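# Coordinate inspection notes
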Amino acid sequence: MSDRTTPEGAVMKRWTQNVPEHEAGALGAGRLGLGQRSALIVVDVTYGFTGSAGLTLDEARQEYSTAAGPSAWEAMPHIARLIELVRSKSMPVVYTRSSANDQAFVGRATKKPRTGARLADGFGDFPGTIAPETGDWVLEKAKASAFFQTPLSVFLVREKVESVIVCGVSTSGCVRATAVDSCSNGFSTFVVDDACFDRSWFAHCNNLFDMATKYADVLSVDELEKKWS
């Protein structure tokens, strides 16, 4: 499925195509400024939430019950490009992943029980094309938001960050929770739509719409790059 154009020639993003016409005006244009310094948060892009490349969704969920399968690998080149864009500007990149140790004591991020063929082996490993480099922070978290009971906000203040850019998985879960808390902590917040993914296309689209109308500017990697040009 690809973007299509309106009769007027404007590009209509895939995730906006099911928005009722009378509600589409709520999206509006991006209003936020990036400021002098941004940070990128790459939310939970580990094999536990992607599955191995080349698998169907059913096959990926046999590997890891939380895996998104093909939608993860469709987003992966955009995530990799976004990471390189932020690194090229010498701005911080923060990776998050689940903390199995903390969750054993404080509970998981959702109410859904986790089942599957294997859960521990490789679950928290990052795919090579987007893996952290020296100087990137890998932040382990127990709950959905990267901000909840973590030192992330302290780090961002210390780095003099004005805007937070969010990508990763799942759009309807940890990405959304992180974006809402970023906004609540006073940061201009940007969610990169083509660098996010979810097991549910319906949930992906609806949560991008909701974040765009309330908490963040939602834009593509191309659109973000243009804001920096």
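Look above for the structure.
Within any chain, residue numbers begin from 1 and follow the written order of that chain's sequence. Local features in a predicted model are, by the rule used here, given only for residues with pLDDT of at least 70; side-chain atom pairs are given and counted only at 80 or more, and totals for whole chains, interfaces and linings are based on all residues. In computing side-chain values, all of the structure's heavy atoms are included and hydrogens and water are not.

### A short note on the packing of aromatic side chains
A pair of aromatic rings is counted whenever rings of Phe, Tyr or Trp (Trp by its six-membered ring) have centres within 6.5 Å, and the orientation is called stacked for planes under 30 degrees apart, edge-to-face for over 60 and tilted otherwise. Inspection of every chain in the model, using the stated rule, returns six aromatic pairs. Among the aromatic side chains, those forming a connected cluster through ring pairs are F49, Y64 and F123.

### Some points on the pairing of strand 3 (residues 38-43)
Side chains on a regular strand alternate between the two faces of the sheet. The rule is simple: take the accessible area with a 1.4 Å probe, protein chains only, and divide by the maximum for that residue type; under 20% is buried, over 50% is exposed, in between is partly exposed. A run of H or I in DSSP becomes a helix once it reaches four residues, and a run of E becomes a strand once it reaches two; helices and strands are each numbered from the N terminus. By the criterion of burial, strand 3 is predominantly enclosed, with six of the six residues buried. Side-chain alternation along strand 3 places S38, L40 and V42 on one buried face and A39, I41 and V43 on a second face that is also buried. Criterion used throughout: strands pair if DSSP finds at least two bridges between them. Strand direction decides the pairing type here: strand 3 and strand 6 (residues 163-169), joined by six bridges, are parallel. The residue of strand 6 that forms the bridge with A39 is V164. Two elements, strand 3 and strand 4 (residues 93-98), share four bridges in a ladder whose sense is parallel. Residue pairing in the sheet places L40 in a bridge with V93 of strand 4.

### A closer look at the nonpolar core
Nonpolar cores are built from buried Ala, Val, Leu, Ile, Met, Phe, Trp, Tyr and Cys residues. Side-chain atoms within 4.5 Å join them into one set. Counting residues in each nonpolar core, the largest one holds 35 residues, and the members touching the most others are L40, V42, I79, L82, I130, I165 and L224. Elements that contribute at least two residues to this core include exactly strand 3, helix 4 (70-88), strand 4, strand 6, strand 7 (188-197) and helix 9 (221-228). The element that contributes the greatest number of residues to this core is helix 4, accounting for nine residues. Within the second largest apolar cluster, 31 residues are counted, among which are L152, V166, C196 and A212.

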